[in-house]
Amino acid sequence: MKILQNVMEQVISRNPGEPEFHQAVREVLESLEVVAEKHPEWVAAGIFDRIVEPERQIIFRVPWVDDKGKVHVNRGIRIQFNSAIGPYKGGLRLHPSVNTSILKFLGFEQIFKNSLTSLPIGGGKGGSDFDPKGKSDNEVMRFCQSFMTELSKHIGADTDVPAGDIGTGAREIGYMYGQYKRLRNEYTGVLTGKGLTWGGSLVRTEATGYGLCYFMDEALKARGKSFKGSTVVVSGSGNVAIYAAQKVHELGGKVVALSDSNGYIYDPDGIKLDTVKQIKEVERKRISEYVNIHTNATYTEGCSGIWSIKCDIALPSATQNEIDEASAKLLVANGCYAVGEGANMPSTPEAVEVFLKNKIIYGPAKAANAGGVATSALEMCQNSMRYSWSFEEVDAKLKEIMVNIYRNASSAAKEYGFEDNLVAGANIAGFLKVANAMYSHGIAY
Ligand code: NDP
C-alpha cells in the first residue's frame, strides 16, 4: 500500500487492541489502492479516512435477572458504521466472544456487502457478550427485553434496522420485536428475520445459505464446474450451514460433514438434514447427537479437523478465522477446487493467499453471503408496502441478486486488473457506490 498506508496506520493507532477490525480494514484497503490512484478527488475529500471510522458507536449496560433471581450484567453494542446509501443494516450477534473489535470488523464488511446487493442499505452491526446457550427461554426473553429497552432509542425503520446473526435467531428477534413494539407503540419493520405471521419474509430463513450456493453456482459455471456430483464440506450447523447444505443437495452435490463449536460429524453417505434440524433447531442440542441416530457417521472432537476431510467444495459457515494457512493448504492438497464463505471472514489472510495462489474458485464472504441481508432488504420493502411476496417470488429475486453480485464483482476485478480475484472485485464494486454517495453528500463542516 502506498497512498492508503497512512489510513491503515491511523486505524491501528486509533483502535488499539482490535485485531479483527484491523484485519478487515487492511484487506479492503489493499484492494482499493488502485481506486485511490484513479480517484485523487476522493483522496482529497478524505473518503478513505472517513469510511474506516464508524459514524456512531453505542455501548450500553444490559442488566437482567436469571431464573434464580441473580442479577447479571452484559454489554450491548451497536456500531452504526455508514449510512451513505441507506439506513444502517446488519445483524445482532449474541456470543461470549463479542467485543468492539469483532463488531467493527463485521460492521465495516457490512458496508460493502450491502452495497453489492444493489439495494439501498447502509452498514452496521451490533450484539452483546451474552451467551444464549444453556439459558432458559425466560432468561433469553429477559435479556432480549433489557437489550432492546436501550437499543430502541437508537434504531428505527428509516434509521437502523438490525437482524439476526450468531446466537440471534427467530426466538430472540421475536422477544426483541415485542419489546420494541411495546416501548414505541408502533408496528414497523424495525427488525428483519421476523416470524412469517408478524411481518417476516418468506425465504429469509434460508436466504444466506441458499444465496451462498447461488453465488458459488455462478462462479463454478464460469470455470466449467458445478455442484452436481460434487462432495462438499460445510462447517457450522446453524442457520447458514443448514440451508447451504440443503441447497447443495438440491443442486446435486453431497454434503458429508457439518460441525458446531465442539466438533464435527462425518457421514460418507451424505448428511441427513432432517436429523440435523431436529437436533439443532428443535432440541438445541450438540451436533455429536447425530451419530447416535446414524451409526455409520463419526464424530470428532475439535473443529479444525473438518478441513482434513477430502472434498471438492468447502463452504465455511461457522465463524471468523476458522480456516488458517495449514487448513487451507490441506484443502488444496486434498483436491478442493472451490471455497465459498458462508460465515464472515472465516479464512485468515494467509489462508486467502493460499486460495488465490492456487487459483481456487474463491467466493469471499462479502459477496458470497450477501443473500441474507439482501433478503432482509426485501423484507423491509414488503413491510413498507404492507404486502407479502410468495416464496417463489422472493427466491427468484434472491437468485437474481446473487448472480448480479457475482457478475459485478467479477467485472470490477477484470476492469481494475485483478482478473478472477473476487476478493478485490467485491471490495472495489462495493466501495465505488458508497464512495460516490459520500462524495456527493459533502463533508460536514
Ligand atoms: P448460528 O448461531 O445459527 O450458527 C453458528 C454456527 O457456528 C453454530 O453451529 C455454532 O456452533 C458455530 N460456531 C459459532 N461460533 C463458533 C466458534 N467460535 N467456533 C466454531 N464454531 C462456532 O449463526 P449463523 O449461521 O447465523 O452465522 C454463521 C456465520 O454466518 C457467522 O459468521 C455470521 O456472521 C455469518 N452470517 C450470517 C448471516 C445470517 O443470515 N444468519 C448472514 C451473513 C453472514 P454452536 O452451536 O456450538 O454455537
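Data block above holds the structure.
Residues numbered from 1 in each chain as written. Predicted model: local features only at pLDDT ≥ 70, side-chain atom pairs only at ≥ 80, totals over all residues. Heavy atoms only, no water.

Q: I'm lost on the overall build of the protein chain in this one. Help?
A: In terms of helices and strands, the protein chain carries 17 helices and 12 strands. For the protein chain, the spread of C-alpha atoms along the three principal axes comes to 65 × 55 × 45 Å. When each of the 445 residues of the protein chain is scored for burial, the buried share is 57%. In the protein chain, once contacts between residues fewer than 6 apart in sequence are set aside, the share between residues at least 24 apart is 72%. If the 49 positive side-chain charges of the protein chain are averaged to one point and the 51 negative ones to another, these points end up 2 Å apart. (Helix = DSSP H or I, 4+ residues; strand = E, 2+ residues; numbered from the N terminus. Buried < 20%, exposed > 50% of the residue type's maximum accessible area, 1.4 Å probe, protein only. Contact = heavy atoms within 4.5 Å. Lys, Arg positive; Asp, Glu negative; His and termini not counted. Charge placed at Lys NZ, Arg CZ, Asp CG, Glu CD.)

Q: How should the pairing of strand β2 (residues 71-82) be read in this particular structure?
A: The side chains of a regular strand alternate, residue by residue, between the two faces of the sheet. Across 10 bridges, strand β1 (residues 56-65) lies against β2 in antiparallel orientation. Following the sheet pairing, arginine 61 is matched in β2 by arginine 75. Linking β1 back to β2 in an antiparallel pair, the connection comprises five residues, with glycine 69 at a positive phi of about 90°. Here β2 runs beside strand β4 (residues 123-128); their pairing, made up of six bridges, is antiparallel. Along β4, the bridge assignment pairs isoleucine 77 with glycine 127. (Pairing = 2+ DSSP bridges.)

Q: In this structure, what is going on with the site of the ligand? I would like to understand it.
A: Surrounding the ligand, one finds 26 residues, the nearest of these being Asp165, Thr208, Ser261, Arg286 and Asn344. Taking glycine 167, its main chain carries an N or O atom lying 3.1 Å from an oxygen atom of the ligand. A distance of 3.0 Å separates an oxygen atom of the ligand from a polar backbone atom of valine 240. When the free accessible area of the ligand is taken as 890 Å², the share hidden by the protein chains comes to 84%. (Near = heavy atom within 4 Å. Polar contact = N/O pair within 3.5 Å; in protein donor to acceptor, adjacent residues only side chain to side chain. Areas by Shrake-Rupley, 256 points an atom, 1.4 Å probe, with all protein chains shown as cover.)

Q: Quick question: what am I supposed to make of the packing of aromatic side chains here?
A: What describes a pair of aromatic rings is the distance from one ring centre to the other and the angle between the planes of the rings. This model, assessed by the stated rule, comprises 15 aromatic pairs. Note on phenylalanine 215 and tyrosine 406: the rings are 5.7 Å apart at their centroids and 75° apart in plane angle, and the pair reads as edge-to-face. Placement of phenylalanine 215 in helix α8 (residues 207-222) and of tyrosine 406 in helix α16 (residues 391-415) is noted, with a sequence separation of 191 residues between them. Ring centres of phenylalanine 355 and tyrosine 362 lie 5.5 Å apart, and the angle between their planes is 35°; this geometry places the pair in the tilted category. Comparing phenylalanine 355 with tyrosine 362 shows no difference in burial state: the two are buried. Pairwise contacts between aromatic rings join Phe60, Trp64, Phe130, Phe143 and Phe147 into one cluster. Sitting over the ring of tyrosine 337, lysine 225 keeps its end group 4.4 Å from the ring centre. Here the guanidinium or amino end of lysine 397 rests over the ring plane of tryptophan 389, the centre of that ring lying 4.5 Å away. (Phe/Tyr/Trp six-rings, centres within 6.5 Å; stacked < 30°, edge-to-face > 60°. Lys NZ or Arg CZ within 6 Å of the ring centre and 35° of its normal.)

Q: I would appreciate a short explanation of the side chain of glutamine 179 in the present structure.
A: Inspection of the secondary structure assignment puts glutamine 179 in helix α7 (residues 170-184). The exposure class of glutamine 179 is buried, given its relative accessible area of 10%. There is a polar contact of 2.8 Å between the side chain of glutamine 179 and the side chain of arginine 182. Apart from residues lying up to four places away in sequence, glutamine 179 is in contact with Gln145, Met148 and Thr149.

Q: Got a minute to help me understand the nonpolar core in this structure?
A: Where a protein is soluble and globular, its nonpolar side chains tend to be buried together. Of all hydrophobic cores here, the largest spans 97 residues; its most connected members are Phe108, Phe215, Leu315 and Phe431. When residues of this core are assigned to domains, at least three map to each of domain 1 (54-187) and domain 2 (207-368). Phenylalanine 108 has contacts with Phe21, Ala24, Val25, Val28, Ile51, Val52 and Phe81, leaving out every residue within four places of it along the chain. Residues Ile306, Val339, Val352 and Phe355 belong to the second largest nonpolar core, which totals 21 residues. (Core = buried A, V, L, I, M, F, W, Y, C linked by side-chain atoms within 4.5 Å. Domains from an automatic or database assignment.)

Q: It is not clear to me how the sheet that holds strand β12 (residues 361-363) should be interpreted in this structure. Could you clarify?
A: Adjacent strands of a sheet form backbone hydrogen bonds with each other and so pair up, either parallel or antiparallel. The strand order β9-β8-β7-β6-β10-β11-β12 describes an open sheet built from seven strands, whose pairing is mixed. One side of each edge strand has no neighbouring strand; the edge strands of this open sheet are β9 (298-301) and β12. Taking the axes of each pair of neighbouring strands and ignoring which way they run, one obtains an average angle of 15° across the sheet. Alignment of strand β7 (residues 254-259) against strand β8 (residues 263-266), held across three bridges, turns out to be antiparallel. Directly across from serine 259, in β8, lies its bridge partner tyrosine 264. (Axes fitted to C-alpha atoms, helices over the stretch in contact; angles between N-to-C directions.)

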